[in-house]
Amino acid sequence: MKILCVLYDDPTAGMPDSYPRDDLPILSGYPDGMSLPSPSSIDFTPGELLGCVSGELGLRKFLEDQGHTLVVTADKDGDGCIADRELVDADVVISQPFWPYYLTKEKIESAQNLKMAITAGIGSDHVDLQAAMDNKVDVVEVTYCNSRSVAEHIVMMILSLVRDYHNQHQIVKDGGWNIADAVQRSYDVEGMHVGTVAAGRIGLDALRKMKPFDVHLHYFDIHKLPDAVEAELNLTYHDSVESLVSVCDVVTINCPLHPKTEHLFDDEMINKMKRGAYIVNTARGKICDKDAIARALESGQLSGYAGDVWFPQPAPNDHLWRSMPNHGMTPHTSGTSLSAQARYAAGVREILECFFEGKPIREPYLIVQNGDLAGMGAHSYTRGTATDGSEEAAQYKK
Ligand code: NAD
C-alpha cells in the first residue's frame with residue numbers, strides 16, 4: 001500500500017544533534033482510565049522530533065519492512081504541490097493539524113484508492129468530513145494524545161494574558177524598566193469568572209487545572225457533565241454560549257470546528273461578552289471571525305486574545321492576527337510538544353497496525369467510518385464541511 005504522510009518542515013538549522021532533556025516522564029494512562037497508544041512496538045526515541053519531515057512519525061522502518069511505500073512531504077498547498085500529486089494513488093493519508101493537509105472534496109475525489117485519512121493529533125476539520133462520508137473514506141484521529149498538552153497551554157495563555165506577560169517580557173528585551181508601563185494592563189486571575197465553551201477532554205482538564213487559582217468556573221457543552229464532576233469543581237453550567245460569555249472574564253474555546261461552531265465568535269457574540277474580557281482559543285482559528293476579533297481588540301471590547309490556532313494554516317504572512325494589539329498568539333504548537341509527538345506517533349502506528357491486520361480501530365479514535373460519523377465523530381462533530389477557504393494557505397511564503 002502507499003502511505004502519504006504530510007508533515008511540517010524540519011528545523012531551519014536541520015535536525016538537532018541533541019535535545020534539552022534526556023527522557024520523558026512515564027505516564028500510566030489518561031485520567032478517565034483510557035490507555036495510552038499501544039502499538040506492538042516503536043522504532044523511534046520518545047522525546048525526539050517526529051512531526052517534521054525527517055522525523056517521519058517514526059514510521060519508515062515499520063512500513064517498509066512490510067512492503068509498503070511511504071512518501072513524506074511538507075509541500076501541501078497550491079496547484080501542483082507534491083502532496084496533491086502523490087495523493088492520486090495513495091491508500092492512506094496522514095497529516096497533522098499543525099500543518100494540515102486540507103483534504104477538500106476535490107482532493108478526496110481525485111484519490112480513487114484512498115481508504116483512510118489519519119489525523120496525527122486531534123481535530124479532523126481539515127478533512128471535508130461530508131466528502132469523506134460520501135466517498136467511504138474513513139477518518140480517524142489519536143483521541144486524547146495531546147488533550148492535556150493543550151490544557152497546559154491554555155493555563156499558560158490565560159495567566160499570560162491577564163497578567164500581561166508579553167508586554168512585560170518585551171520591556172525587558174528592549175532594555176527598559178518602566179514598571180508603570182509594565183503593569184497598567186496587569187491583573188490577578190484570582191476571583192475571576194473563567195468559562196469554557198465545551199468541556200470535553202481539553203475543556204474539562206483546563207477547568208481542573210484552573211481550579212487551584214481560586215476562580216469561579218463555568219461551562220457550556222452540548223453534553224452535560226456528570227453531577228459529581230460539576231460538584232467537584234463547583235461548576236456553573238450554562239445552556240447557551242451567550243449565557244456563559246455574559247458573565248465570564250475569561251472564555252476559553254475547546255469545541256471542535258464543524259459547521260455549527262464555524263464563526264461562533266462573531267461581532268454579535270463578542271459584543272455579548274463583558275467589556276475587557278479575554279479569549280483563549282486553542283481549538284480552531286475558524287471558530288472565531290478573524291476580523292471581529294481584531295476589531296474587538298482595537299476597541300477594547302476584548303482586553304486580550306491568545307491561542308495557537310489560525311485559519312488557514314500556515315497563516316499567510318500578513319494575517320491580521322499577527323499584528324493586532326494585545327494578542328498572545330503562537331504558531332500551532334500546543335499539541336505538538338515533544339511529549340505529545342511521542343504519543344501521537346505511537347497512536348498512528350497503532351492505527352496502522354490495526355488497519356493492516358484487519359482488526360478494529362479503537363472506537364474513540366473514529367470520526368468517520370463506513371460512510372457515517374462514528375465514535376468521537378458522532379459525539380463531537382456535525383455533518384458537513386469546514387474546509388472552505390483553505391486554499392489561502394498557499395499564500396504563506398517561507
Ligand atoms: P473531545 O471530543 O474530548 O471534546 C470535544 C467537546 O466539544 C465535546 O464535549 C463535545 O460535546 C463538545 N462540542 C461539540 N460541539 C459543540 C458545540 N457546538 N458547542 C459546545 N460544545 C460542543 O475533544 P478534545 O480532545 O477536548 O479536543 C477538542 C478540540 O480541540 C479538537 O476537536 C481540536 O479542534 C482542538 N485541539 C487543538 C489542539 C492544538 O494543538 N491546539 C490539539 C488537540 C485538539
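Along each chain, residues carry numbers from 1 onward, in the same order as the chain's sequence is written. Only residues with pLDDT of 70 or above have their local features reported here, since the model is predicted, and side-chain atom pairs are shown and tallied only from 80 upward, although totals for entire chains, interfaces and linings are computed over all residues. With hydrogens and water stripped out, all remaining heavy atoms of the structure feed into the side-chain values.

> In this structure, what is going on with the sheet that holds strand E3 (residues 92–95)? I would like to understand it.
Consider a sheet: its strands pair through backbone hydrogen bonds, and that pairing is either parallel or antiparallel. What makes two strands pair is DSSP finding at least two bridges between them. For helices the rule is a DSSP run of H or I covering at least 4 residues; for strands it is a run of E covering at least 2, with both sets numbered from the N terminus onward. What the seven strands build is an open sheet, ordered E2-E1-E3-E4-E5-E12-E13; its pairing is mixed. Two strands close off the open sheet at either side, each with one partner strand: strand E2 (69–73) and strand E13 (372–373). As paired strands, strand E4 (residues 116–119) and strand E5 (residues 138–141) are joined by four bridges and run parallel to one another. Looking across to E5, one finds that Ile 118 is bridged to Val 140. In this analysis, two residues are considered to be in contact whenever any of their non-hydrogen atoms come within 4.5 Å of each other. In this description, a line fitted to the C-alpha atoms serves as the axis of each element, helices being fitted only across the stretch in contact, and the angle between N-to-C directions of two axes falls anywhere from 0 to 180 degrees. Its contacts with the sheet place helix H13 (residues 338–357) against strand E1 (2–6), E3, E4 and E5, and it is angled at close to 160° to E4.

> Would you mind showing me how to read the environment of Asp 138 here?
Among the structural elements, Asp 138 can be located in strand E5. For Asp 138 and Leu 373, which are 235 residues apart along the polypeptide, the C-alpha to C-alpha distance reads 9.2 Å. Ignoring any residue separated from it by four or fewer positions in sequence, one finds Asp 138 in contact with Lys 115, Met 116, Ala 117, Val 368, Gln 369 and Asn 370. At 3.0 Å, the side chain of Asp 138 forms a polar contact with the backbone nitrogen of Asn 370. Pairing of N or O atoms within 3.5 Å defines a polar contact, subject to two protein rules: one partner must be a possible hydrogen donor and the other a possible acceptor, and residues neighboring in sequence count only if both atoms are side-chain atoms.

> Help me out: how do you make sense of a nonpolar patch on the surface in this one?
What makes a patch is a set of residues exposed beyond 30% relative accessible area and free of salt bridges, joined within 9 Å when like-charged and within 5 Å when nonpolar (Val, Leu, Ile, Met, Phe, Trp, Tyr). Computed by Shrake-Rupley with a 1.4 Å probe, the accessible areas treat only the displayed protein chains as cover when residues are assessed. Salt bridge, as applied in this entry: a Lys or Arg side-chain nitrogen positioned within 4 Å of an Asp or Glu carboxyl oxygen. Taken together, the side chains of Trp 177, Ile 179 and Val 183 present a nonpolar region at the surface, about 380 Å² in accessible area. In this fold, Val 183 is placed in helix H7 (residues 179–183). Overall, Val 183 belongs to the partly exposed group, its relative accessible area being 43%. Partly exposed describes any residue whose relative accessible area lies between the buried limit of under 20% and the exposed limit of over 50%, with all areas from a 1.4 Å probe on protein chains only and scaled to the type maximum.

> What is the right way to look at the packing of aromatic side chains in this model?
In this description, a pair of aromatic rings is defined by centroid distance and the angle of the planes. The rule is short: rings of Phe, Tyr and Trp, with Trp giving its six-membered ring, pair when the centres are within 6.5 Å, and they are stacked under 30 degrees, edge-to-face over 60, tilted in between. Enumeration according to the criterion identifies eight aromatic pairs in this entry. Where Tyr 30 meets Tyr 144, the ring centres are 4.4 Å apart and the plane angle is 5°; that geometry is what we call stacked. In this pair, Tyr 30 sits in the loop between E1 and helix H1 (60–65) while Tyr 144 sits in the loop between E5 and helix H5 (147–163), placing the two residues 114 residues apart along the sequence. The interplanar angle of 45° and the centroid separation of 6.2 Å between the aromatic rings of Phe 62 and Phe 356 together place this pair among those described as tilted. Of this pair, Phe 62 sits in helix H1 while Phe 356 sits in helix H13; the two residues are 294 residues apart in sequence, bridging distant segments of the chain. For Phe 62, a relative accessible area of 7% translates into the label buried. Through successive ring pairs, a cluster of aromatic residues spans Phe 62, Phe 355 and Phe 356. Note on criteria: charge over ring means Lys NZ or Arg CZ within 6 Å of the ring centre, with the direction from the centre no more than 35 degrees off the ring normal. Directly above the ring of Trp 310 sits Arg 322, whose terminal nitrogen or CZ lies 5.6 Å from the centroid.

> I would appreciate a short explanation of the domain arrangement of the protein in the present structure.
Many descriptions give the size of an interface as the accessible area lost when the pieces come together. Note that the domain bounds were set by an automatic or database domain assignment. What the domain assignment reports for the protein is domain 1 (2–145 + 336–395) and domain 2 (147–322). Distance from the C-alpha centre of domain 1 to the C-alpha centre of domain 2: 27 Å. Each side of the interface is counted separately: domain 1 has 33 residues, and domain 2 has 20 residues. Here the quantity called buried area is the accessible surface, traced with a 1.4 Å probe, that two parts lose on coming together, added over both. Where domain 1 abuts domain 2, roughly 2,200 Å² becomes buried across the two surfaces, and 53% of that area is made up of carbon and sulfur atoms. Broken down residue by residue, the surface that domain 1 buries against domain 2 is led by Tyr 144, Thr 382 and Ala 386, which jointly contribute 22%. For the pair domain 1 and domain 2, the number of links is one salt bridge. Ionic pairing is found between Arg 284 and Asp 125, a salt bridge with its closest N-O pair at 2.7 Å. Applying the counting criterion to the domain 1 and domain 2 interface returns 13 residue pairs in polar contact (both at pLDDT 80 or more). Of the residues forming the side of domain 1 that touches domain 2, the biggest block, three residues, is contributed by helix H14 (residues 375–380).

> Sorry if this is basic, but what is going on with the nonpolar core here?
One recurring pattern in soluble globular proteins is that nonpolar side chains are buried together. In these notes, a set of buried Ala, Val, Leu, Ile, Met, Phe, Trp, Tyr and Cys residues joined through side-chain atoms within 4.5 Å is what counts as a nonpolar core. Core analysis: the largest hydrophobic core is formed by 67 residues, its most contacted members being Leu 57, Leu 59, Ile 94, Ile 118, Val 348 and Leu 352. Examining the composition of this core, we find that eight residues originate from one element, H13, more than from any other. Non-local contacts of Leu 352, meaning those with residues more than four positions away in its chain, are made with Leu 59, Phe 62, Leu 63, Val 92, Ile 94 and Ile 118. One finds Ile 287, Ala 296, Ala 315 and Met 329 within the second-largest nonpolar core, a separate group that totals 34 residues.

> Help me out: how do you make sense of empty space enclosed by the protein in this one?
Here a cavity denotes a set of grid points, spaced 1 Å apart and computed over the protein atoms alone, in which a 1.4 Å probe fits but from which it cannot get out, and a pocket denotes an open set meeting protein on both sides within 12 Å along at least five of seven lines; residues with an atom within 4 Å of a point are reported as lining. Grid points are joined across faces, edges and corners, and a volume is the space filled by probe spheres set on the points. According to the stated counting rule, one finds four cavities of 30 Å³ or more in the structure shown. As for the largest cavity, its lining consists of Pro 97, Pro 100, Tyr 102, Asp 125, His 126, Leu 257, Arg 284, Gly 285, Lys 286, Trp 310, Phe 311 and Gln 313. A class-by-class count of the residues in the lining of the largest cavity yields six nonpolar, three polar and three charged. Viewed by domain, the lining of the largest cavity spans two of them, domain 1 (2–145 + 336–395) and domain 2 (147–322), each represented by three or more residues. The computed volume of the second largest cavity comes to approximately 50 Å³. Residue lining of the second largest cavity: Asp 125, Val 127, Leu 129, Leu 257, His 258, Pro 259, Tyr 381, Thr 382, Gly 384, Thr 385 and Ala 386, and that is the complete set. Grouping the amino acids of the lining of the second largest cavity by side-chain chemistry returns six nonpolar, four polar and one charged. Inspection of the lining of the second largest cavity shows a minimum of three residues originating in each of domain 1 (2–145 + 336–395) and domain 2 (147–322). Gly is put with the polar residues, along with every residue not named as nonpolar or charged; the nonpolar set is Ala, Val, Leu, Ile, Met, Phe, Trp, Tyr, Cys and Pro, and the charged set is Asp, Glu, Lys and Arg.

> Looking at this model, I keep getting lost on the pattern of salt bridges. Mind explaining?
Where charged atoms from two side chains of opposite charge come close, those side chains can pair. Under the defined criterion, the tally for this structure stands at 25 salt bridges. Linking Lys 224 and Glu 230 is a salt bridge whose minimum nitrogen-to-oxygen distance equals 2.9 Å. Taking the relative accessible area as the measure of exposure, Lys 224 reaches 46% and is therefore partly exposed. Shared partners join several salt bridges into a network, and the residues in it are Lys 2, Glu 86 and Asp 89.

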